[in-house]
Amino acid sequence: MQYQVFVLATLAAWFLAQPAALQAQSVSEAPKVEVKADTAKSDANTKSKETQSPLNNGPEKPFNDVTKGYKAVEGLFTLYVNEEENKVLMEVLPEQLDKIFLCNVTLEAGDGLYFDSGAMLDNFPFILKRIGKRVQFIHKNVYYRTETGSSLESAVERGVSSSIVSSARIESRPHPERKSLLIDVSSLFLQDYAGVETALARRKIDFRFDRGESYLGPVKSFALNTEIEAVLHFKNARPRATDARISDGRSMQHRYRYSLSTLPKTDYKPRVADDRVGHFLTLYQDYTDPTSETPYVRYINRWQLEKADPQAPLSPPKQPIVFWLEKTIPPEHRQAVSEGVTAWNRAFEKIGIKDALVVREQPVDADWDPADVRYNTIRWIVNPGSSYAVGPSRTDPFTGQIYDADIRVSADIVRFFVREREEYVQPLTAFSESAQPISLSRLPQSLHCTHADGLAQEAAFGFNLLAARGDIEPGSAQAKLYVHNAIRDLVAHEVGHTLGLRHNFRASTVHTPRELRDRTLTSKEGVSGSVMDYNPVNIAPKGHAQGDYWNTTLGVYDYWAIEYAYKPTSSDEVGELRKIASRSSEGKLAYGTDEDAFGSSLQGVDPTANLFDLGSDPIAFYRERLALSKELLTLAERKFDHKGEGFQKMRRIFTQAMRAYSGAAGAVPKFVGGLYHRRDHMGDPGKRVPFEPVSAKKQQEALAFLNQQIFGANAFSFAPSLVNKLTPERFDDFNNSLYYSPRVDYPVHSVVLDIQKRALNRLYSPITLNRLLDLPLHYKKGQPAFTMADMFVQTRSSIWEEVFKAKPINSFRRNLQRAHLAQLTSLAVQPRESHYFAPGGDDPAGSIAPPEDAMSLARADLLSLKQAIGKDLLQPKLDTMTRAHLQESLARIETALSAEATRSLRE
């Protein structure tokens with residue numbers, strides 16, 4: 001045994017002494033590739049004796065013999081295409097081996113059911129490494145670094161691993177002149193890269209990757225990038241009924257885009273990030289100085305945008321950021337798109353850069369391709385049934401320099417601005433998590449954007465309400481301006497992403513309700529502090545002044561974020577940036593991003609960081625928004641009853657109104673147990689601390705809102721004449737939806753219960769309960785406190801009000817009471833850890849158990865309800881349904897208390 005240990009130790013010491021296998025390569029310009037047009041002729045120098053390849057299991061052929069009959073596509077990596085055999089070979093030059101390139105992977109087309117189109121899946125540096133008779137496609141690990149010459153340089157290389165994505169055999173001898181290698185592209189890219197099989201298996205869906213029916217789509221190559229499309233096939237031997245909505249439940253296809261590009265070689269200087277301002281990051285761990293407080297180095301992502309004349313107060317840039325409007329954009333929308341881009345020039349002018357962004361239209365006869373990395377484009381794509389837009393960019397993984405961006409907008413979105421999509425099969429899509437597409441992205445949640453989908457729904461709601469009021473006539477100049485400004489708002493948001501800006505979900509709180517109705521102010525500062533928020537349509541109550549409907553200009557925060565990222569600085573850049581960031585305590589610079597609004601901690605802790613709310617008081621916003629929804633439902637039958645038209649319009653409008661209730665049920669409960677969270681640093685003006693508890697008064701207001709508007713006995717009351725008009729479309733569609741809808745009538749009670757459960761789940765989640773336990777510690781001495789007991793008692797008293805006051809219980813309230821009883825029973829009898837998930841994730845990010853005090857309060861609630869229900873059942877005039885409901889509730893309570901007692905004894 002001692003001898004074995006000695007041998008192992010000796011081998012380990014020898015191994016650690018060896019030089020690193022993979023060394024970071026220098027970044028250089030794309031190599032010049034010269035390929036003769038006639039690739040059919042074999043080179044005379046290749047007629048030497050063929051050798052046997054142990055991997056090919058046959059003779060190695062000369063390079064030009066293998067490419068005979070193939071069409072050469074020259075570029076960064078020259079491709080050889082044989083369309084008849086659907087085969088593509090890629091030439092790898094000697095200088096391209098072991099050199100770092102960048103790979104972007106995009107799901108260009110999904111299946112319309114499980115996976116959404118246009119998702120950004122990955123963005124990583126890679127190298128091509130020759131190992132014997134194969135070339136490996138390796139995801140290079142550049143996330144742990146040290147300076148060249150550091151004593152830890154070799155330790156870092158040995159301590160981290162790069163990953164093999166795929167590999168391909170070498171198809172021929174090296175080229176006799178260029179010494180380049182030839183590999184089969186399909187071996188690298190025809191694979192289930194995104195893990196579709198695994199993602200569907202978690203939901204017990206049996207689609208399997210089918211290599212045999214997968215193939216390569218169009219390929220393109222340019223000087224700085226190579227674009228490869230892979231069409232993957234998945235087959236299912238046991239399709240489900242809903243799978244047939246794909247067209248044939250036994251088969252589905254995905255289309256992936258692999259973008260291979262060089263890294264730019266410039267004199268770009270990285271800029272360090274600050275958590276008080278929201279930018280996308282390039283980060284790594286630096287082991288140069290092991291004594292530093294943190295190993296992380298974080299750079300913001302930004303373009304190299306420099307003044308042509310550094311001394312001039314206002315100068316054009318050396319090289320502007322040029323966006324080309326692809327010819328796919330309908331001509332009537334190009335002006336709105338252009339305005340969405342150039343709106344950002346105002347922020348750059350404030351820091352001395354004139355015309356930083358330039359818009360040009362792609363000529364009809366343009367000889368360049370939008371996929372070329374040298375062109376930043378905005379294009380319309382056909383993604384049937386989707387309200388979709390993204391603004392991805394390519395970034396140097398070493399410095400954070402952005403060097404390419406392409407914005408894609410689905411063509412259907414404009415129709416959805418004035419007519420929300422049909423809900424044929426599942427009318428609960430707005431409220432049901434299961435109806436959402438499955439995420440495949442390996443990118444951080446901060447790189448996801450669903451702004452366009454929500455904006456489309458908001459636009460449809462606003463358009464229908466304004467049309468019902470008579471403020472907008474469909475097809476009129478006002479209607480066209482409404483759509484124009486919505487497109488402008490959407491494009492400005494996506495352009496902001498391409499400039500490096502993250503979402504800001506607190507920006508919508510900077511204006512009071514009165515200010516939002518002041519068109520002079522909203523036209524100057526926008527309806528929100530930032531176009532990077534998810535801002536709803538700004539609709540004033542009937543009879544009040546009306547501000548702008550959309551953000552037609554940048555908000556105050558946007559100017560600040562651009563200043564931090566792009567303002568020219570002196571030699572003391574760190575000091576100047578800190579001074580800029582220290583303004584974070586200014587009210588109109590409020591900032592909270594994705595993890596603040598919907599992080600793994602159940603939508604974050606700060607109740608002012610929300611999606612699609614507006615104004616300084618979210619509770620007041622939702623109170624007003626529900627009033628607008630009720631107004632729309634009141635006007636619907638009278639204003640949209642047009643002779644000869646179908647009743648489907650009524651169903652769409654009803655669903656739009658219910659979205660407001662769902663939004664309120666998700667946002668307002670955040671005040672209960674909530675903390676206002678700031679990103680200020682010590683010594684910043686204002687001297688604010690990171691956390692401030694939501695006042696007891698505000699938490700009481702939130703509960704009162706829920707008890708009246710979401711849980712109340714009269715919260716949901718609909719005219720029978722309207723309910724009888726909520727029919728879906730009766731034409732068939734591509735998904736055979738008529739045959740897969742569980743009900744043709746609208747499931748009103750199910751929709752209402754989903755909304756109510758959304759609020760209950762937030763109030764009784766283990767995370768909220770633990771925060772309520774801690775909350776009294778945050779209050780100053782003598783300050784009124786809100787406790788967990790307050791929440792339990794007030795919620796119970798409200799939801800079971802009829803029992804305590806001996807009143808009849810309507811059907812909505814009976815459903816709510818059962819849901820509430822289930823929460824209490826779970827806490828008292830079998831408290832379980834609650835798993836929480838990172839957004840878009842299928843695996844739990846962690847779990848948390850409810851506090852013991854919550855279990856005690858749940859038991860106290862059950863005892864109180866047992867006593868009250870027992871008394872109520874003695875009333876002789878209870879209606880049959882109420883009596884049956886109370887008897888069943890009492891039985892459940894008694895069973896729960898009995899089980900709880902047994903559990904306590906065992907413990």
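This next bit is on the overall build of the protein. A tally of regular secondary structure across the protein gives 27 helices and 27 strands. Pairs at least 24 apart in sequence give 73% of the contacts found in the protein among residues at least 6 apart.

So, on to the environment of Thr553. Note that Thr553 resides in the loop between α12 (519-525) and α13 (556-566). Assessed through its relative accessible area of 3%, Thr553 is described here as buried. Each C-alpha atom, one on Thr553 and one on Ser528, is 9.6 Å from the other, the two residues being 25 residues apart in sequence. With sequence-adjacent residues up to four places away left out, Thr553 is seen in contact with Arg346, Thr522, Ser523, Lys524, Glu525, Gly526 and Val531. Engagement of the side chain of Thr553 in a polar contact is seen with the side chain of Arg346, the distance being 2.7 Å.

Our focus in this paragraph is helix α6 (residues 334-342). Extensive coverage of α6 is indicated by the burial of seven of its nine residues. All of the buried residues along α6 are Arg334, Ala336, Val337, Ser338, Glu339, Gly340 and Val341. Buried residues along α6 sit against β18 (321-325), β19 (357-361), β20 (376-381) and α10 (477-498).

One key point about sheets: their strands pair by backbone hydrogen bonds, in either a parallel or an antiparallel sense. Overall, antiparallel pairing links the four strands, which are arranged β3-β4-β5-β11 in an open sheet. Every other strand in the sheet has two partners, leaving β3 (71-73) and β11 (181-184) as the edge strands with one partner each. Between one strand axis and the next, the sheet turns by 30° as a mean value, whatever way the strands run. The sheet contact formed by strand β5 (residues 87-92) and β11 spans four bridges and is antiparallel. Pairing of Met90 across the sheet is with Ile183, part of β11.

With the rule as written, the count across this model stands at two cavities of 30 Å³ or more. What the largest cavity holds in volume is close to 170 Å³. Leu516, Asn538, Leu614, Phe621 and Glu624 are, among the 15 residues lining the largest cavity, the residues nearest its centre. Mapped onto the lining of the largest cavity, the elements with two or more residues apiece are α11 (513-516) and α16 (618-639). With five residues, α16 is the single largest residue contributor to the lining of the largest cavity. Among the residues forming the lining of the largest cavity, the class breakdown is nine nonpolar, two polar and four charged.

Here we come to the sheet that holds strand β9 (residues 144-145). The mixed open sheet is built from three strands, whose spatial order is β9-β15-β16. The two strands at the open ends of the sheet, each matched to only one other strand, are β9 and β16 (296-300). Of the pairings in the sheet, the one linking strand β15 (residues 281-286) to β16 comprises five bridges and is antiparallel in character. Residue pairing across strands places Leu283 opposite Arg298, the latter belonging to β16.

Looking now at the side chain of Arg796. Structurally, the position occupied by Arg796 is in helix α23 (residues 788-799). Given the relative accessible area of 12%, Arg796 is considered buried. Polar side-chain contacts of Arg796 include one of 3.2 Å to the side chain of Ser864. Residues contacting Arg796, with those up to four places away along its chain left out, are Phe804, His820, Asp861, Ser864 and Leu865.

Per the stated rule, a full pass over the model turns up 28 aromatic pairs. With centroids separated by 5.0 Å and ring planes inclined at 65°, the aromatic side chains of Phe654 and Phe718 adopt a geometry described as edge-to-face. Separated by 64 residues along the polypeptide, Phe654 in helix α17 (residues 648-667) and Phe718 in the loop between α18 (696-710) and α19 (720-723) bring together distant segments of the chain. An aromatic cluster is present here, built from Phe77, Phe101, Phe124, Phe126, Phe137, Phe189, Tyr193 and Tyr258 joined pairwise through their rings. Lying across the ring of Tyr284, Arg145 places its NZ or CZ 3.7 Å from the centre.

Before going further, it helps to examine the pairing of strand β4 (residues 79-82). In β4, alternate side chains face the same way, and those of Leu79 and Val81 on one face and Tyr80 and Asn82 on the other are all buried. Here three bridges tie β3 to β4, and the two strands are oriented antiparallel to one another. Paired with Ala72 across the bridge in β4 is Tyr80. Counting the residues in the hairpin turn of β3 and β4 gives five residues. With four bridges joining them, β4 and β5 adopt antiparallel strand pairing. When the sheet's bridge partners are listed, Tyr80 is paired in β5 with Leu89. Here β4 folds back onto β5 in antiparallel fashion, the turn holding four residues, of which Asn86 has a positive phi close to 50°.

We now examine the pattern of salt bridges. In the structure shown here, the tally under the stated rule is 42 salt bridges. Between Glu326 and Arg379 there is a salt bridge, with its nearest N and O atoms 4.0 Å apart. Separated by 53 residues along the polypeptide, Glu326 in the loop between β18 and α6 and Arg379 in strand β20 bring together distant segments of the chain. Between Arg517 and Glu624 there is a salt bridge whose closest N-O contact spans 2.6 Å.

Moving on to the packing of α23 against helix α25 (residues 811-829). Close contact between α23 and α25 brings their axes to 10 Å; oriented N to C, the two are set at 150°. Relative to α25, the element α23 lies roughly antiparallel. Seen along the crossing, α23 lies across α25 with a hand that is left-handed. In contact with Phe792, Thr795, Arg796, Ser798 and Ile799 of α23, α25 contributes Arg813, Leu816, Gln817, His820, Leu824 and Leu827. Tallied by class, the residues present in the contact of α23 with α25 amount to five nonpolar, four polar and two charged.

Here the focus is the packing of α6 against α10. Interaxial distance between α6 and α10 falls to 7 Å at its minimum, and their mutual angle equals 40°. The angle between the axes of α6 and α10 places the two elements in the oblique class. The hand of the α6/α10 crossing is right-handed. Where α6 abuts α10, its residues Gln335, Ala336, Val337, Glu339, Gly340 and Val341 lie against His484, Ile487, Arg488, Val491, Ala492 and Val495.

Turning to unusual backbone geometry, a few remarks are in order. Even without being glycine, Asn86 reaches a positive phi, approximately 50°. As for its position among the elements, Asn86 is in the loop between β4 and β5. The partly exposed category is assigned to Asn86, whose relative accessible area is 36%. The phi angle at Lys687 is positive, at roughly 50°, despite the residue not being glycine. Relative to the helices and strands, Lys687 resides in the loop between β24 (675-677) and β25 (691-693). Judged by relative accessible area, Lys687 falls into the exposed class, the value being 72%.

Assignment of secondary structure puts Gln285 in strand β15. Other than its neighbours up to four places away in sequence, Gln285 contacts Tyr143, Tyr144, Arg145, Pro295 and Tyr296.

Taken together, Tyr143, Tyr144 and Tyr287 make up a surface patch of nonpolar side chains, about 260 Å² in accessible area. Residue placement: Tyr144 occurs in strand β9.

Here the focus is the confidence of the model for the protein. For the protein, the mean per-residue pLDDT works out to 85, and 84% of the residues sit at or above 70. Below a pLDDT of 50 lies the segment residues 1-58, which in the model reaches 87 contacts outside its immediate sequence neighbourhood of four places, other chains included. Under a pLDDT of 50 for its full length, residues 420-436 has, in the predicted model, 42 contacts with residues more than four places off or in other chains.

Positionally, Asn301 belongs in the loop between β16 and β17 (302-303). Sequence-distant contacts of Asn301, that is, excluding residues within four places in its chain, are made with Phe280, Leu281, Thr282, Thr395, Gly400, Ile402, Leu499 and Gly500. In this structure the side chain of Asn301 is engaged in a polar contact, spanning 2.7 Å, whose partner is the side chain of Thr282.

Basis of the calculations
Residues numbered from 1 in each chain as written. Predicted model: local features only at pLDDT ≥ 70, side-chain atom pairs only at ≥ 80, totals over all residues. Heavy atoms only, no water. Helix = DSSP H or I, 4+ residues; strand = E, 2+ residues; numbered from the N terminus. Contact = heavy atoms within 4.5 Å. Buried < 20%, exposed > 50% of the residue type's maximum accessible area, 1.4 Å probe, protein only. Polar contact = N/O pair within 3.5 Å; in protein donor to acceptor, adjacent residues only side chain to side chain. Pairing = 2+ DSSP bridges. Axes fitted to C-alpha atoms, helices over the stretch in contact; angles between N-to-C directions. 1 Å grid on protein atoms, 1.4 Å probe; cavity = no way out; pocket = protein on both sides within 12 Å on 5 of 7 lines; lining within 4 Å. Points joined across faces, edges and corners; volume = space filled by probe spheres on them. Nonpolar A, V, L, I, M, F, W, Y, C, P; charged D, E, K, R; others polar. Phe/Tyr/Trp six-rings, centres within 6.5 Å; stacked < 30°, edge-to-face > 60°. Lys NZ or Arg CZ within 6 Å of the ring centre and 35° of its normal. Salt bridge = Lys/Arg side-chain N within 4 Å of Asp/Glu carboxyl O. Parallel < 35°, antiparallel > 145°, perpendicular 65-115°, else oblique. Left-handed = near helix turned anticlockwise from the far one by under 90°. Patch = residues over 30% accessible without salt bridge, like charges linked within 9 Å, V, L, I, M, F, W, Y side chains within 5 Å. Areas by Shrake-Rupley, 256 points an atom, 1.4 Å probe, with all protein chains shown as cover. pLDDT = per-residue confidence, 0-100.

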